[in-house]
Every structure is written in C-alpha cells, then in structure tokens.
Amino acid sequence: MTANPLLPALTARAEAAAHSRTSACPCGATVTLADRPDATVVRHADTVAKAHAPDSTPADLTPRLTAAAHLPGLLLPPLTPTPVDLHGRLVTCWPYGAPVDPADPDSAPWEAAAGLLARLHRTPAPAPLPPMRGPVKAALAVSRLRTATAAAAPGTALTAEATAVLRAWDTLPAWARAEAPQPDTSTLCHGDLHLGQLVRHPAPDGPWLLIDVDDLGVGVPTWDLGRPAAWYAVGLLPPDEWDRFLTAYRDAGGPAVPHDADPWPALDVPARALTVQTAARAITKALAEGRLLDEVEQCLVDACDRMTSVPLELTQGYAK
C-alpha cells in the first residue's frame, strides 16, 4: 500500500510557515492535532497547518478566509489569505490558539462562546459569503447513514435505530435538510458551533476566538445555538450550563432568540436537526466498527424516536 503523502507534506508546510514567522522557532516535534477524512491538522511551535475537506473549493473557502481576516476580534485570522493546493487538498495556515480543556468541563467557556456568537450575528458580513453550511453537513450525515444501512447485511443490529433517525429527519422543514434556501440569507453565522471551535489567542490566556471557517456563511443564526440546545433538550447538557449560555447570548444582544419570550419556537428546528445529525454519525460509526451504540449515542437515537410524536416548536426537551 502506498503511504498517503499528505501528512508529511502538511508537516513540512507547518514547519516552513513557523520558521517564516520567526528566526527563533523553538523547533520541537510537529504534532498531529487531527487526521480525519474531512480535515488533517498539524502544529509546529506556534503555527498550525490545516488540510481542508477534499470537496472544498477555492471559490467557497477564499471568501470565508477573507471574512476571518477582517474580523480579528471574533475569528482567529488566517496566516494565509488564500488556500494553496497540496496533494489535491486545499491547505491554510493559522496561528496556534489554546483550546478548551476537555478534561475540565467546569471551565467550559459558555459565556465567551455565547458572547462571540451574539457579536458575530450582529456583524454585517465583511464580504459576500456563501450560505452557512450547517444544513448541508446535517444532510451529508444522513446520506452517509442511508449508505451505511443499505450496505449492511439483512438483520444487522442498529436497523431500528437508523429507521428512527431517518424518520425524525423527514419531519424537518426543507431548509433544515438543505433542500431549500434558508429563510435568513443575510445574518453572519459560524455554521458549526461547539466548544471545540474556541481557542485562546495568543496562547495560553489570550481572549477567546472562534476557529474553523469551513461552514461560515449567511443563514439562520439559531443554527449556531442548535448544538447546545440539542444537548440540553436531550438531557446531555445540565440546565444550569444551558442557562448560562442562553443568558449570556441574550445579554450580549444576540438576535437569534427573543430577549424575554420563550426561545424554543426559534431553537426547535436547529436543535432537532443537530440531534439527528449527531445520531446519524453515531450509528454510521458504530456500523463501521461492528459494535452497538454506547449510552450517549443511544440517548441521541432515543431522542430522535421521541421527536416524531412531538409537534415542532412545542417542546423544550426530548429527554422524557
């Protein structure tokens, strides 16, 4: 088997970018931060190089990089204003930022995340941008689930679970399934907000900034609140942490939900869509690994099953 040349070439790119930034680079080992089909990320000293998804195009990625460069107080600005091709993948370079510590959930920066989102949603797009890609990513997860279940042998475990997730998907409006334009075509959105998308820059204790512009675009801002809303609705995010996040977003003037009224009519569709997306990914992964779902994954599937019996915009949770 021929080794994939991307990782060593990306490592060399990160090293070269780091050395170009300073003549006193502390040349330790280059670390691989992620190596997935949709993204490979390596770090050398204070520089990060990222190979974007194989289907990324300059026409989609370049305006997103331009937006990040023009919003340095919100988004980590890239070191490279345009992507370069490396073994058929678009590559960008970034300054290193210190991520959220997954081993310390009590330090989760919910208020910082909410404040950044509120500011982002109030900021006009600095350049013409494509639509926010959240619904497209959800649709891709569902498509991969359909492919995985179609390829599974008859009687394979998880068939009922996949059916429940697909049934919940079919109840969503067309825009949330990427089958129609989003009803908002002007609000600047991140598109894939979770705590892994925040870093402190400069590391280790600079201000929090948003990273990962691959899904940045204009669209429905409640999508950016959808993942924490989904976790809360399913019972995976404690109510006090959800309240911290929602209160901070409202206090910062976030426009996605009303300040004093029930937020759930606005949040319900994105929360359902992201629950389905996460459950679809879980089942697809479990099928590939030949295993059953773990407790958290089963919780997401069970929530999808309950969704089909609860009308849209009438629930604040699927945990019961």
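Residues numbered from 1 in each chain as written. Predicted model: local features only at pLDDT ≥ 70, side-chain atom pairs only at ≥ 80, totals over all residues. Heavy atoms only, no water.

Engineer: Mind showing me how you'd approach unusual backbone geometry here?
Structural biologist: Glycine aside, residues mostly have negative phi angles, and peptide bonds mostly take the trans form. Going from His201 to Pro202, the amide bond is cis rather than trans, its omega being 0 degrees. Inspection of the secondary structure puts Pro202 in the loop between strand S8 (198-200) and strand S9 (208-210). One non-glycine residue with positive phi stands out, namely Ala178, at about 60 degrees. Tracing the backbone shows Ala178 in the loop between helix H5 (159-170) and strand S7 (188-189). One non-glycine residue, Asp212, lies in positive phi territory at about 70 degrees. Inspection of the secondary structure assignment puts Asp212 in the loop between S9 and strand S10 (217-218). (Helix = DSSP H or I, 4+ residues; strand = E, 2+ residues; numbered from the N terminus.)

Engineer: Got a minute to help me understand the pairing of strand S5 (residues 89-95) in this structure?
Structural biologist: Each regular strand displays side chains that alternate between the two surfaces of the sheet. Within S5, seven of the seven residues are buried, which leaves it mostly tucked inside the rest of the structure. The alternating pattern of S5 places Arg89, Val91, Cys93 and Pro95 and Leu90, Thr92 and Trp94 on opposite faces, both of which are buried. Where strand S3 (residues 47-51) lies against S5, five bridges are found, and the strand directions are antiparallel. By the bridge assignment, Ala49 is partnered in S5 with Cys93. In this sheet, S5 lies alongside strand S4 (residues 84-86) in antiparallel orientation, the contact comprising three bridges. Residue pairing for S5: Val84 is matched across the bridge by Val91. Where S4 hands over to S5, the hairpin turn is made up of two residues, of which His87 adopts a positive phi near 50 degrees. (Buried < 20%, exposed > 50% of the residue type's maximum accessible area, 1.4 Å probe, protein only. Pairing = 2+ DSSP bridges.)

Engineer: Teacher, can you tell me more about the nonpolar core here?
Structural biologist: For soluble globular proteins, nonpolar side chains are generally found buried alongside one another. Core analysis: the largest hydrophobic core is formed by 49 residues, its most contacted members being Leu75, Leu198, Leu225, Trp242, Phe245 and Tyr249. Breaking this core down by element, the ones donating at least two residues are helix H2 (58-70), S5, helix H3 (110-122), S8, S9, helix H6 (222-234), helix H7 (239-251) and helix H8 (264-289). It is H3 that provides the largest number of residues to this core, a total of seven residues. The next biggest cluster of nonpolar side chains, apart from the first, holds 33 residues, and it includes Ala162, Leu166, Ala280 and Ala303. (Core = buried A, V, L, I, M, F, W, Y, C linked by side-chain atoms within 4.5 Å.)

Engineer: Looking at this model, I keep getting lost on helix H9 (residues 295-307). Mind explaining?
Structural biologist: Each α-helix turn comprises 3.6 residues. Residues three or four places apart therefore point the same way. Compared with the 18 Å implied by 1.5 Å per residue over 13 residues, the 19 Å span of H9 between its first and last C-alpha is a close match. Among the residues making up H9, those that are buried are Glu297, Cys299, Leu300, Val301, Ala303, Cys304 and Met307. Residues of H9 that are buried in the fold lie against H5, H6 and H8. You can read the cap of H9 off the contacts: a side-chain oxygen lies 3.2 Å from the backbone nitrogen of Val296, and it is on Asp294. (Expected span 1.5 Å × (residues − 1). Contact = heavy atoms within 4.5 Å. Polar contact = N/O pair within 3.5 Å; in protein donor to acceptor, adjacent residues only side chain to side chain.)

Engineer: Just checking my understanding: could you explain the environment of Ala67 for this structure?
Structural biologist: As for its position among the elements, Ala67 is in helix H2. Exposure remark for Ala67: the relative accessible area of 0% places this residue in the buried category. For Ala67, the residues in contact, after removing those within four places along its chain, are Pro126, Leu129 and Leu216.

Engineer: Sorry if this is basic, but what is going on with the sheet that holds S5 here?
Structural biologist: Within a beta sheet, neighbouring strands are joined by backbone hydrogen bonds and run either parallel or antiparallel to one another. Strand order across the open sheet formed by five strands is S1-S2-S3-S5-S4, with antiparallel pairing between neighbours. Lying at the two open borders of the sheet, with one neighbouring strand each, are strand S1 (31-36) and S4. Between one strand axis and the next, the sheet turns through 25 degrees on average, direction left out of account. Where S1 meets strand S2 (residues 39-44), five bridges bridge the pair, whose relative direction is antiparallel. Across the sheet, the residue bridging to Val31 is Arg43, located in S2. (Axes fitted to C-alpha atoms, helices over the stretch in contact; angles between N-to-C directions.)

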